[in-house]
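Close look at the chain arrangement
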Amino acid sequence: MTSDPTRRQPLRSTPVVTETGDQQLNGAAVPVAEPNDKATMGTSAETSGRTAVGVDLTDHDLYRGGFPHELFVELRGRGAVLWHAPAVPRPGGASIGFWVVVRHAEVQRVSRDSEAFSAADGPSIVASPALRGHTLTHSDGHDHTRLRTLISAGFTPRMIGRLEDQIRIRTREILDVVAGMGECEFVRDIAYLLPMQLIGDIIGIPEADRSWVFAQTDAIIGGASSAPVGASEAERQLFAYAQQLGEAKRRQPADDVWSLLAAAEIDKNEGASLSGLELDFFFAILSIAGSETTRNAISHGLLALLDHPEQLASLRAASLGGDTHLLDTATEEIIRWASPVTCFSRSATRDVELGGAEIRAGDRVTVWYPSANRDERAFDDPFRFDITRSPNPHVSFGGAGSHYCLGAHLARREVRVMFEQLLTRFEGIEVTGPVTHNVNGLAHSIAVSVKHVPVRLVTRPSSRTPGA
Ligand code: HEM
């Protein structure tokens, strides 16, 4: 078994734009149109003064074995910002051409300059203007500050610090179960459960409802074959559930985020109120953002450590010896290595130069975190997994702009505590079968995830659990 991200399928020059400028997707020719009325149909991007990506980054086949890092290396070599010929990110949806930002410095610039690069059309490649100003991920400026201030009360480092005990308790419960099994499926039985339980605790979702709630979020992002319904039905059911939960919390408030937000829904104070739609989307964003991403970081982290047994051994020694510094740097490196979010998008609000590209007002601009996190310009030896790496300016949580991940503290704690306890408790962890990946709609931004990692766990005879 290996998860070396440098070991990827050969660079693909297939598909995409035919000589007539049509797009071949799943065998079907789809007529293309440039956004922003740029009339270059049928011409390559080079001929219009732009560096072309040259492959279809929305083609799921590109990601079957993980991220196409060889391709990203090649793209970074050609430029910081490249033009992607019109593609169809969402099957059956609109065709769209867009900019692809692959280098670290430019990803940071887009993330930080919300005046030139607006988040209001949402994070997906295809813009969703209907939600402008109504969700955290579809807003800028005042709208964004209002929503972020409301929710931030539940996510301060101090609050997350209080959750540390809860993270330990949940981790221990999960590992108790698998210790009794000996063999398990790591994603389903371990990596999936910790983020689900934690975000459930934070939002205040009753335990009995959690499996159902997260089956809906899986259906929305297309993540699990076990999902019982389609994405839009799942969204409808999740929103109905969020409203019911809000009513219950208003009747009987608790110390959780949903009590806070449900109260804000009826608060008439300017700046502190939330519409029903906004409340619905809060629920969806929190439950999706809080689960799939951290699950992936934990799964990738395990694979990376198993691929580097000497580092696994030193992290185990650090966990047993209470070396918190190594646990911290290892956590950052795992999150850099995993890059759980593939790409997020912005819209240019005006004509702007970025990394040598002339971007026009209204263009969609996508930032590719896995590429930026392996940028040779920002990291020494970026393809070396190194749990001692410091500094580690990864952009897995975003490029430090106003939309920087709200759950970053929480995710870090979860990853850290999980590995600390996993390595302390089990003296052997061995992959027993093929590792597979899930590729979901890139339109949903979180697209490439580890699906199955069958493992055998050998319990340490006298396992001592840190913090127990
Ligand atoms: C390793 C795990 C995680 C990764 C890699 C991750 C990554 C990201 C990224 C890349 C963004 C967009 C940043 C930008 O647009 O500049 C984001 C935003 C966000 N994340 Fe996370 N995330 C993780 C875990 C979590 C968790 C546990 C939560 C819990 C609630 C969460 C909640 C959010 C929210 C609400 C936003 C939107 C913030 C805004 O637009 O203001 N994330 N995350």
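Residues numbered from 1 in each chain as written. Predicted model: local features only at pLDDT ≥ 70, side-chain atom pairs only at ≥ 80, totals over all residues.

**Looking at the packing of helix H12 (residues 309-321) against helix H13 (residues 324-338)**
For the record, the criterion: Angles here are taken between N-to-C directions and fall from 0 to 180 degrees, while the axes themselves are lines fitted to C-alpha atoms, restricted in helices to the stretch in contact. Strands are runs of DSSP state E lasting at least two residues, helices are runs of H or I lasting at least four, and both sets are numbered from the N terminus onward. The labels follow the angle: roughly parallel below 35 degrees, roughly antiparallel above 145, roughly perpendicular from 65 to 115, and oblique for the rest. What makes a crossing left-handed is the near helix being turned counterclockwise from the far one by less than a right angle; a clockwise turn instead makes it right-handed. For every residue pair, C-beta atoms are placed from the backbone, and the pair is scored as a contact if these atoms sit within 7 Å.
The geometry of H12 relative to H13 is characterised by a closest axis approach of 8 Å and an angle of 135° between their N-to-C directions. The angle between H12 and H13 falls in the class oblique. Judged by the sense of rotation from one axis to the other, the crossing of H12 with H13 is left-handed. Across the interface between the two elements, Ser314, Leu315, Ala318 and Ser319 from H12 touch Leu326, Leu327 and Ala330 from H13.

**Regarding the sheet that holds strand E5 (residues 117-118)**
Applied cut-off: By definition, two strands form a pair when at least two bridges between them are found by DSSP.
On the basis of which strands lie adjacent, the open sheet formed by 5 strands has the order E3-E4-E10-E7-E5 and mixed pairing. Each edge of the open sheet carries a strand with a single partner, namely strand E3 (81-87) and E5. For strand E7 (residues 343-348) and strand E10 (residues 364-368), the ladder comprises 5 bridges, and the chain directions are antiparallel. Paired with Phe344 across the strands is Val367, a residue of E10. Sheet strands in contact with helix H2 (residues 104-112) are E3, strand E4 (96-101), E5, E7 and E10, and its direction is about 125° off that of E10.

**Topic: the sheet that holds strand E14 (residues 454-459)**
Taken together, the 3 strands give an open sheet; going across it, the order is E6-E14-E11, and neighbouring strands pair in antiparallel fashion. Each of the sheet's edge strands pairs with one partner strand only, and the pair in question is strand E6 (183-185) and strand E11 (426-431). Mean inter-strand twist for the sheet, computed between neighbouring axes without regard to direction, equals 30°.

**Brief notes about the nonpolar core**
Inclusion rule: Structurally, a nonpolar core is described as a collection of buried Ala, Val, Leu, Ile, Met, Phe, Trp, Tyr and Cys residues joined by way of C-beta atoms within 7 Å. Residue burial here comes from a neighbour count, namely the number of other C-beta atoms, placed from the backbone, that lie within 10 Å of the residue's own C-beta, with 20 or more meaning buried, 12 or fewer meaning exposed, and in between meaning partly exposed.
In terms of nonpolar packing, the biggest core is built from 74 residues, with Leu261, Ile334, Val415 and Val453 touching the most fellow members. In terms of residues, this core owes the most to one element, helix H15 (residues 408-425), which gives 8 residues. Counting 43 residues, the second-largest nonpolar core is a separate cluster that includes Leu57, Ala357, Trp368 and Val448.

**Overview of the site of the ligand**
Rules: In this text, near has one meaning. A residue is near a molecule or strand if its C-beta atom, placed using the backbone, is within 6 Å of it. Under this grouping Gly is polar, as are all residues other than the nonpolar Ala, Val, Leu, Ile, Met, Phe, Trp, Tyr, Cys and Pro and the charged Asp, Glu, Lys and Arg.
Neighbouring residues of the ligand: 29 residues in total, closest Gly290, Thr293, Gly398, Cys405 and Gly407. Listing elements by their share of the shell around the ligand, those giving two or more residues are helix H10 (276-289), helix H11 (292-307) and H15. A breakdown of the residues in the shell around the ligand according to their chemical character gives 17 nonpolar, 11 polar and 1 charged.

**A word on unusual backbone geometry**
Ser390 connects to Pro391 through a cis peptide bond whose omega is 0°. Looking at where Pro391 falls in the secondary structure, it is placed in the loop between helix H14 (369-372) and H15. In this model, Ser339 sits at a positive phi of 40°, which is unusual for a non-glycine residue. Examined against the element boundaries, Ser339 turns out to sit in the loop between H13 and E7. Residue Ser339 is classed as buried on the basis of its C-beta count, with 26 C-beta atoms lying within 10 Å. One non-glycine residue, Asp381, lies in positive phi territory at about 45°. With 9 C-beta atoms counted inside 10 Å, the residue Asp381 sits in the exposed group.

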